[in-house]
Amino acid sequence: MIKKTFSVPDMHCSNCSMKLESIEDDLPGVKGINASYHKQQMVVEFDEKQVSDEQIIAAAKKKGYQAVLA
Amino acid sequence: MSKKQKSTIDPVVIIMFGVVFLAISFALLLFQSQENNGITIASSSGAWGQIVVAFVTGITTGGLSCLAVQGGLLASSLAHQIEQDYLVNMPQTHKRKRGEAGRQVAAPRTSSALPIFLFLAAKLVTYTLLGALLGWLGSYLSLSPTTRAMLMIAIGIFMVGNALRMFNVHPIFRYFSIEPPKFITRYIRKTAKGTDTATPLLLGALTVFIPCGVTQAMMATALGTGNAAQGAALMFAFILGTSPVFFIVAYLATELGARLEKFFMRFVAVVVLVLGFVTLNGGLNVLGSPFSFNNLTSGLLPSSSSLSSSDASSVQAAAPDGQLILRVQSSGYFPRTLKAPANKFLILNLITNQTYSCARDFVIPALNYYQLLAATGTAQVTIPPQAAGTKLFFTCSMGMYTGQIIFE
């Protein structure tokens, strides 16, 4: 398991963090997500054997956000 | 995103639009009666007037403010969730789950209207209970004008900060958005995954943890009633008023997508900014600050600010015996500017005649004087000697109606 921080500059409200955190339910291999609207970022704890950075970025894009590895 | 196939109009939508229409008609009728007959809405009692004001506040500003200041936009979240569920459940677009898709054909989701309706119903019940609790708590404590002023100023700053956050003025304003604790958001998220009727009901009830600025102001008013039944009725009327706007925006956000939501958010930001300044200004008035908009402009334009007075003279001087007369009407204080001799004890006569607005809650902040006047009658206030040049501001407890006594 590793932890990586992704910058999400287009979060516009606290609800965005809730939406981004729901990725942990959609992507197998993601253990937990801590998203913060205040910091405009999300910290993702995941198993890199099961899921890649690109997949996480793609999942965020599906939710309507542009995530970039910080 | 894929286009949705609209089949028939959901009956819940028709009912909701009916409710919206009735609510708007009710509000318009009230405004008309105010214009024609003075404030007659509260002729039966002051409490009823307060409830009507709460409803009108809800229908005019509360719904938008709720959507904006809750930050999380729970209703919108629900709407998005419903949209996602809707799309996932559509067999035409997602054929992966063959068995399940077949089942969905038999019982497709018809619209997002029913969950939003349930969400709002739960919100209404929860806030009514909260109103009862606040009213009950209020019977044990009373808000002094200063406390109320500080509360209004804090709420005003909160609202202005939120509006600036929505305009994305500076990252610092993001901190005006309250992020609920993670365990609550996680719980809400897990709950939102359900598609049964209990989900929107529970989500609606959970909004009680993230009230908006106007709701918080209304909560403070409910606290001020000092009566459980009155507090409950006040919150019920307010949330009922907010529901149509809340419903329309949430429904449109679901049906028409995020682009429209962004447009609405801009509009909401403007409204919240204006409301924030109005609340802030009201707080400054109740505090007796010379820097409130009313007091600044009355200082600059003393005569024009009093032109609405029905008195022959807009500025009234004290009688030789030191008696001052102020007419307290539903539409404010007349005359707005009184002139009085300095260094002399004075008697201020407050005359009410079927006065039912908040003008009855008379406050002189500098003297720490607060009195709920009788709807009809005369109350006297003894004013201690004041130095020449002093301006003594008076206001209603909401900071809406103001005036001043100038000592010379």
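None of these values were measured; they are calculated from a predicted model.

Engineer: Honestly, the overall build of chain B in this entry has me stumped. Any pointers?
Structural biologist: A count of helical and extended segments in chain B gives twelve helices and ten strands. Sorting the 408 residues of chain B into buried and exposed places 46% on the buried side. Here the contacts in chain B between residues at least 6 apart in sequence split such that 74% fall between residues at least 24 apart.

Engineer: What am I meant to see in the overall build of chain A here?
Structural biologist: If you tally the helices and strands in chain A, you get three helices and four strands. Counted from the first residue to the last, chain A has its helices and strands arranged as β-α-α-β-β-α-β.

Engineer: What exactly am I supposed to notice about the environment of Y401(B) here?
Structural biologist: Residues and elements named next belong to chain B. Relative to the helices and strands, Y401 resides in the loop between β9 (391-396) and β10 (402-407). Along the chain, Y401 and V328 lie 73 residues apart, while their C-alpha atoms are 9.9 Å from each other. Discounting chain neighbours no more than four positions away, the residues touching Y401 are G332, Y333, A359, T395 and C396.

Engineer: Please clarify how the pairing of strand β7 (residues 369-372) of chain B should be interpreted in this entry.
Structural biologist: Looking down a regular strand, the side chains alternate between one sheet face and the other. Taken together, the four bridges between strand β6 (residues 361-364) of chain B and β7(B) define a ladder with antiparallel strand orientation. Bridge pairing links F362(B) to Q371(B) in β7(B).

Engineer: When you look at the environment of L273(B) in this model, what are you seeing that I'm missing?
Structural biologist: Residues and elements named next belong to chain B. With respect to the helices and strands, L273 occurs in helix α11 (residues 258-287). Taking the C-alpha atoms as reference, L273 lies 7.9 Å from N162; in sequence the two are 111 residues apart. Apart from residues no more than four positions distant in its own chain, L273 is found in contact with V160 and A163.

Engineer: In this structure, what is going on with the sheet that holds strand β4 (residues 68-69) of chain A? I would like to understand it.
Structural biologist: Strand pairing in a sheet relies on backbone hydrogen bonds, with the paired strands running either antiparallel or parallel. All names here are of chain A. If you trace the four strands from one edge of the open sheet to the other, you get β2-β3-β1-β4, paired in antiparallel fashion. Two strands lie at the open edges of the sheet, namely β2 (30-36) and β4, each paired on one side alone. Sheet analysis places strand β1 (residues 2-7) next to β4, joined by two bridges and oriented antiparallel. In the strand pairing of β4, S7 is matched with V68. Here helix α1 (residues 14-21) sits on the sheet and contacts β2 and β3 (41-46); the angle it forms with β2, its principal contact strand, is near 170 degrees.

Engineer: Is there a simple way to think about the nonpolar core in this case?
Structural biologist: Among soluble globular proteins, nonpolar side chains are generally buried collectively. Formed by 75 residues in total, the largest nonpolar core has its most connected members in A54(B), F55(B), M218(B), L234(B), M235(B), A237(B) and F238(B). No other element matches the twelve residues that helix α10 (residues 228-256) of chain B contributes to this core. Looking at this core, you find at least three residues from each of domain 1 (11-95 + 107-287) and domain 2 (301-407) of chain B. Judged by nonpolar contacts, the second largest core, of 18 residues, contains I33(A), Y37(A), M42(A) and A67(A).

Engineer: What is the right way to look at the confidence of the model for chain A in this model?
Structural biologist: One rule of thumb: low pLDDT means the predicted coordinates there are not for detailed reading. The share of residues in chain A with pLDDT of 70 or more is 100%, and the mean pLDDT across the chain is 90. The lowest-confidence element of chain A is α1(A), averaging 80 in pLDDT; the highest-confidence one is β1(A), averaging 95.

Engineer: I'm lost on the sheet that holds strand β3 (residues 332-334) of chain B in this one. Help?
Structural biologist: Residue and element names in this part refer to chain B. The four strands are arranged β3-β2-β5-β8 in an open sheet whose pairing can be described as mixed. The open sheet is flanked by β3 and β8 (377-383), the only strands paired with a single partner. Neighbour-to-neighbour, the strand axes of this sheet turn through a mean angle of 25 degrees, independent of strand direction.

Engineer: Is there a simple way to explain helix α6 (residues 145-166) of chain B in this structure?
Structural biologist: Given 3.6 residues to a turn, an α-helix orients residues that are three or four positions apart in the same direction. Residues and elements named next belong to chain B. For α6, built from 22 residues, the straight-helix expectation of 32 Å at 1.5 Å per residue is met to within 8% by its first-to-last C-alpha distance of 31 Å. For α6, a buried count of 16 out of 22 residues is recorded, marking the element as mostly surrounded by other parts of the structure. In the segment just after α6, N168 is the residue with positive phi, at about 60 degrees.

Engineer: What's the story with helix α3 (residues 53-62) of chain A in this structure? I'm lost.
Structural biologist: Residue and element names in this part refer to chain A. Among the residues of α3, those classed as buried are I56, A59 and A60. The buried residues of α3 occupy an angular sector of 100 degrees when projected down its axis, which confines them to one face. Along α3, the residues that are exposed and aim more than 90 degrees away from the buried face are E54, K61 and K62. Those residues of α3 hidden inside the fold are in contact with β1, α1, α2 (23-26) and β3.

Engineer: Is there a simple way to explain the environment of T390(B) in this structure?
Structural biologist: Residues and elements named next belong to chain B. Note on placement: T390 falls in the loop between β8 and β9. By C-beta crowding, T390 is classed as partly exposed, having 16 other C-beta atoms within 10 Å. With 16 residues separating them along the chain, T390 and I406 place their C-alpha atoms 6.1 Å apart.

Engineer: Looking at this model, I keep getting lost on the confidence of the model for chain B. Mind explaining?
Structural biologist: With 61% of its residues at a pLDDT of 70 or more, chain B shows a mean pLDDT of 72. For the stretch residues 1-9 of chain B, pLDDT sits under 50, and the model shows four contacts to residues farther than four places along the chain or on other chains.

Engineer: Even after reading the chapter, I still don't get unusual backbone geometry, so can you show me in this structure?
Structural biologist: In terms of backbone geometry, most residues other than glycine have negative phi values and most peptide bonds are trans. Residues and elements named next belong to chain B. For the bond running from F334 to P335, omega is -5 degrees, close enough to zero to count as cis. Locating P335 in the fold gives a position in the loop between β3 and β4 (337-340). Within the chain, N343 stands out as a residue other than glycine whose phi angle is a positive 55 degrees. Tracing the chain through its elements places N343 in the loop between β4 and β5 (346-352).

Basis of the calculations
- Residues numbered from 1 in each chain as written.
- Chains lettered and ligands numbered in written order.
- Predicted model: local features only at pLDDT ≥ 70, side-chain atom pairs only at ≥ 80, totals over all residues.
- Helix = DSSP H or I, 4+ residues; strand = E, 2+ residues; numbered from the N terminus.
- Buried ≥ 20, exposed ≤ 12 C-beta atoms within 10 Å, placed from the backbone.
- Contact = placed C-beta atoms within 7 Å.
- Pairing = 2+ DSSP bridges.
- Axes fitted to C-alpha atoms, helices over the stretch in contact; angles between N-to-C directions.
- Core = buried A, V, L, I, M, F, W, Y, C linked by C-beta atoms within 7 Å.
- Domains from an automatic or database assignment.
- pLDDT = per-residue confidence, 0-100.
- Expected span 1.5 Å × (residues − 1).
- Arc of directions from axis to C-beta.

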